[in-house]
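Commentary on secondary and tertiary structure
The residues making up each chain are set out below.
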Amino acid sequence: MSTSVAVADWIKRLADDERQRDAARVMESETAARKTDLVRQNSQRLLDTLKAAVTRDVDAFRAEFAGDRARHVIVDATMPDGGFAVRKPSAPAVSLTVTPNLRAAAMNCHYRFTLSDGLPPREDRIDITFAGDGVDTLQTKHQGTGQVFPTVDALSEFLLVPVLTGRPR
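Residues numbered from 1 in each chain as written. Predicted model: local features only at pLDDT ≥ 70, side-chain atom pairs only at ≥ 80, totals over all residues. Heavy atoms only, no water.

1. A word on the side chain of Lys 88
Within the fold, Lys 88 resides in strand E2 (residues 84–88). In terms of polar contacts, Lys 88 uses its side chain to reach the backbone carbonyl oxygen of Pro 92, at 2.9 Å. (Helix = DSSP H or I, 4+ residues; strand = E, 2+ residues; numbered from the N terminus. Polar contact = N/O pair within 3.5 Å; in protein donor to acceptor, adjacent residues only side chain to side chain.)

Pasting the structure below:
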């Protein structure tokens, strides 16, 4: 003889909620694994494409002001670990150093603005992280504001405007 006990409705609801949470955790884990694979497979290529875009954009800017030494900008794409630097030596002097950390799926961007009035230099640092778009595309995101850059051209513009104008954001 077996006796069955009726399960209370609240226990059924609780069990259903727990099953949904379990499914969400599994989905989050799978998404994180896909992002890790995406970063591992594509981050170096994205960084190389960004360096090429920055170099192209700086060349185009210099062409707009051919012969103008005050707007001369230099790109150094030979930094260790695949990073690069962009410098505008004329006042107001500005430098941008981009240091990738591919293991952390991020890039540290360090600006240094040297003013001509004798004040100490102003330094700004921002972190750009690699972010998947949920499909198979690697994008970049400003860690502080959450702004997503869907293309390297958009990120190049964001990074270069302070250097080319000599004005911090």
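Back to the write-up after that little detour.
2. Quick notes on the environment of Ala 23
By secondary structure assignment, the location of Ala 23 is in helix H1 (residues 9–64). Overall, Ala 23 belongs to the partly exposed group, its relative accessible area being 46%. (Buried < 20%, exposed > 50% of the residue type's maximum accessible area, 1.4 Å probe, protein only.)

3. Description of a nonpolar patch on the surface
On the surface, Val 7, Trp 10, Ile 11 and Leu 14 cluster together into a nonpolar patch covering about 390 Å² of accessible area. Locating Leu 14 in the fold gives a position in helix H1. With a relative accessible area of 44%, Leu 14 lands in the partly exposed category. (Patch = residues over 30% accessible without salt bridge, like charges linked within 9 Å, V, L, I, M, F, W, Y side chains within 5 Å. Areas by Shrake-Rupley, 256 points an atom, 1.4 Å probe, with all protein chains shown as cover. Salt bridge = Lys/Arg side-chain N within 4 Å of Asp/Glu carboxyl O.)

4. Topic: the packing of aromatic side chains
Under the defined criterion, the tally for this structure stands at 3 aromatic pairs. Note on Phe 61 and Phe 65: the rings are 5.1 Å apart at their centroids and 50° apart in plane angle, and the pair reads as tilted. On the accessibility criterion, Phe 61 (17% relative accessible area) is buried. In this structure Phe 65 comes out as partly exposed when scored by relative accessible area, which is 31%. One Lys or Arg, Arg 169, reaches over the ring of Phe 158 and ends 3.9 Å from the middle of that ring. (Phe/Tyr/Trp six-rings, centres within 6.5 Å; stacked < 30°, edge-to-face > 60°. Lys NZ or Arg CZ within 6 Å of the ring centre and 35° of its normal.)

5. Regarding the packing of H1 against helix H2 (residues 152–165)
Look at H1 against H2: their axes get within 9 Å of each other, and the N-to-C directions meet at 50°. Here H2 runs oblique to H1, going by the angle between their axes. In this structure, H1 meets H2 at a crossing whose hand is right-handed. Together, Leu 46, Thr 49, Leu 50, Ala 53, Val 54, Arg 56, Asp 57, Val 58 and Phe 61 of H1 and Val 152, Asp 153, Leu 155, Ser 156, Leu 159, Leu 160 and Leu 164 of H2 make up the contact between the two elements. Residue composition of the contact of H1 with H2, grouped by class: 11 nonpolar, 2 polar and 3 charged. (Axes fitted to C-alpha atoms, helices over the stretch in contact; angles between N-to-C directions. Parallel < 35°, antiparallel > 145°, perpendicular 65-115°, else oblique. Left-handed = near helix turned anticlockwise from the far one by under 90°. Contact = heavy atoms within 4.5 Å. Nonpolar A, V, L, I, M, F, W, Y, C, P; charged D, E, K, R; others polar.)

6. Details of the pairing of strand E4 (residues 106–114)
As defined by bridge partners, strand E3 (residues 93–101) adjoins E4 across 9 bridges and the pair is classed as antiparallel. Residue pairing across strands places Val 98 opposite Cys 109, the latter belonging to E4. (Pairing = 2+ DSSP bridges.)

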